[in-house]
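Listed below are the residues making up each chain.
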Amino acid sequence: MSSKPLFLSVMKVVVIGGSGHFEYALTGNDLVQIVAYAPGHISEDLSRIKSALPHTRYYSDFRQMLDNEDPDVAVINPHFHLNGSIVIECLKRHIHCFCEKPVSLEASELEEIEALYSSSKVHLGTMMIHRYEPWFNAAQKAIEAGEIGSPIQVSVQKSYKMGAKPAWMQDKKQFGGIIPWVGAHALDLAYWMIGNTLQIDSAQQTTLGNKGQGEVESAAQVHFSWGNKGLGIILLDYLRPAKAHSHGDDRIRIVGEQGLIEVMQSKATVLSESEGAYELAPAHGIGLYDDFINQVERGDATRLSAEESFNVARWCIQAEELATKHLVR
């Protein structure tokens, strides 16, 4: 895929939807300007984006916005089941896409996105923030440097407070489920840390204890492996107590032939056969959105490629299909 030529002026950015993490795009980057926004669906609550962008043009129809504004970049974060169809609309118009994850909830739609992307000259990034957090970045660099040898076992935890979910998130068809919404991050972390393509082996989920919030799963687990070289598990839940000091608790543990690395509470620590226990210095670097914008502007490779985002979406779809068959009520 070739990139567009170097930008000689400020990039025009539009935002479609306000249900995800559009705030990643609210940076002080002088290369970009958000010129307009629109809902992904007419029923979408845009109060957060209206508050963040009070003087920005509003459209009720995102297609009209795309045609009128002719933007360089679209920031896409509608109700999650609409991610894929909106990405397709943008790719057909040759607009770079910075999209909420996963990029699609449907296998056939994902195939169409991949085909459009491969024949286009635009870039696509997703909002997988963990690759850009200094503690996870430090852990990945240590594994890549061979500090624990080849990974053999990986476990990832993402635990969150349930909170009050809006009506659309209580509808499985619109929300997609805890596996694609929360589990996408965990799958991407495992994929990135071990440096191997994953195989989804089994998955389960439950709505028990979801505080009467429709079809929202309260917990799920996904088992995976990679090339007969290792095995892993992902544990997801919305059962974190309301009185916990933070909304979420993200952890990963990677066990290798020569030691292990654990990331928790924004710290990465190593226990190795040769060096004993030590804490890794946070590995700071470019932010998620700035990395994507640099790719659009200069054609630079990013820490997270479009192809990797497609793989994560595919594994989410596979895991969700398995978990749907094993729903504990």
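This text follows the structure it describes.
(A) Up close: the overall build of the protein chain. Looking only at helices and strands, the protein chain features nine helices and 15 strands. For the protein chain, the C-alpha radius of gyration of 20 Å lies close to 20 Å, the compact-globule estimate for 329 residues. Counting all 329 residues of the protein chain, 54% fall into the buried class. Contacts in the protein chain between residues far apart in sequence, at least 24 positions, make up 70% of those at least 6 positions apart.

(B) Looking closely at the layout of surface pockets. One number sums up the size of the largest pocket: a volume of about 840 Å³. As for the largest pocket, its lining consists of 40 residues, and the residues nearest its centre are His-21, Tyr-160, Trp-181, Tyr-238 and His-247. Of the residues in the lining of the largest pocket, the class split is 14 nonpolar, 15 polar and 11 charged. Reported here for the second largest pocket is a volume of approximately 300 Å³. Lining the second largest pocket we find 14 residues, and of these Leu-105, Glu-106, Lys-172, Gly-176 and Glu-320 sit closest to its centre.

(C) Just helix α2 (residues 62-69), in detail. Here α2 has its buried residues at Phe-62, Met-65, Leu-66 and Glu-69. Buried residues of α2 fall within an arc of 100° about the axis and therefore sit on the same side. Check the buried side of α2 and you find it contacts β1 (11-16), β2 (32-38), β3 (57-58) and α3 (83-92). By the N-cap criterion, in which a side-chain oxygen at the helix start approaches the backbone nitrogen of a residue two or three places on, α2 is capped by Asp-61, the distance to Arg-63 being 2.8 Å. Directly beyond the C-terminal end of α2, a positive phi value near 45° is found at Asp-70.

(D) Spatial organisation of the packing of helix α5 (residues 134-144) against helix α7 (residues 178-194). Orientation of α5 relative to α7, taken along the N-to-C sense of each, is 30°, at an axis distance of 8 Å. When the axes of α5 and α7 are compared, the pair comes out roughly parallel. Contact residues: Phe-136, Asn-137, Ala-139, Gln-140 and Ile-143 in α5; Leu-189, Trp-192 and Met-193 in α7. Of the residues assigned to the contact of α5 with α7, the class counts are six nonpolar, two polar and no charged.

(E) Structural detail: the sheet that holds strand β5 (residues 96-99). Strand order across the open sheet formed by six strands is β3-β2-β1-β4-β5-β6, with parallel pairing between neighbours. With one partner strand each, in any of the chains shown, β3 and β6 (124-126) form the two edges of the open sheet. Relative to β6, β5 runs parallel, the two sharing three bridges. Bridge pairing in β6 places Cys-97 opposite Leu-124. Contacts between α2 and the sheet are confined to β1, β2 and β3, with β1 contributing the most and set at about 175° to the helix.

(F) A look at empty space enclosed by the protein. Counted under the stated rule, the structure contains one cavity of 30 Å³ or more. Taken as a whole, the largest cavity holds about 60 Å³ of empty space. Every residue lining the largest cavity is listed: Leu-124, Gly-125, Thr-126, Tyr-132, Leu-288, Asp-291, Phe-292, Gln-295, Thr-302 and Leu-304. Among the elements that make up the lining of the largest cavity, the one with the highest residue count is helix α8 (residues 288-298) (four residues).

What counts as what
For every chain, the first residue of the written sequence is number 1, and numbering continues from 1 along that sequence. Local features are withheld for residues below a pLDDT of 70 in this predicted model, meaning they are given only at 70 or higher, and side-chain atom pairs are given and counted only at 80 or more; totals for whole chains, interfaces and linings count all residues. To get the side-chain values, take all heavy atoms of the structure and skip hydrogens and water. Under the DSSP-based scheme used, a helix requires at least four consecutive residues in state H or I and a strand at least two consecutive residues in state E, with every element numbered from the N terminus. Using C-alpha atoms as the atom set, the radius of gyration is obtained and then compared with a globule rule of 2.2 Å times the number of residues to the power 0.38. Accessible area is worked out with a 1.4 Å probe on protein chains only. A residue is then buried under 20% of its type maximum, exposed over 50%, and partly exposed in between. The contact rule is simple, with two residues in contact once any of their heavy atoms fall within 4.5 Å. Here a cavity denotes a set of grid points, spaced 1 Å apart and computed over the protein atoms alone, in which a 1.4 Å probe fits but from which it cannot get out, and a pocket denotes an open set meeting protein on both sides within 12 Å along at least five of seven lines; residues with an atom within 4 Å of a point are reported as lining. Grid points are joined across faces, edges and corners, and a volume is the space filled by probe spheres set on the points. Only Asp, Glu, Lys and Arg are considered charged, only Ala, Val, Leu, Ile, Met, Phe, Trp, Tyr, Cys and Pro nonpolar, and every remaining residue, Gly among them, polar. For this quantity, the arc is that covered by the directions from the helix axis to the C-beta atoms. Definition of a polar contact: a pair of N or O atoms within 3.5 Å, with one able to donate and the other able to accept a hydrogen when the atoms are protein atoms, and with sequence-neighbouring residues admitted only if both atoms are side-chain atoms. Axis lines are fitted through C-alpha atoms, for helices just across the contact stretch, and the angle between N-to-C directions can take any value from 0 to 180 degrees. Roughly parallel means an angle under 35 degrees; roughly antiparallel means over 145; roughly perpendicular covers 65 to 115; every other angle is labelled oblique. Two strands qualify as a pair provided that DSSP identifies no fewer than 2 bridges between them.

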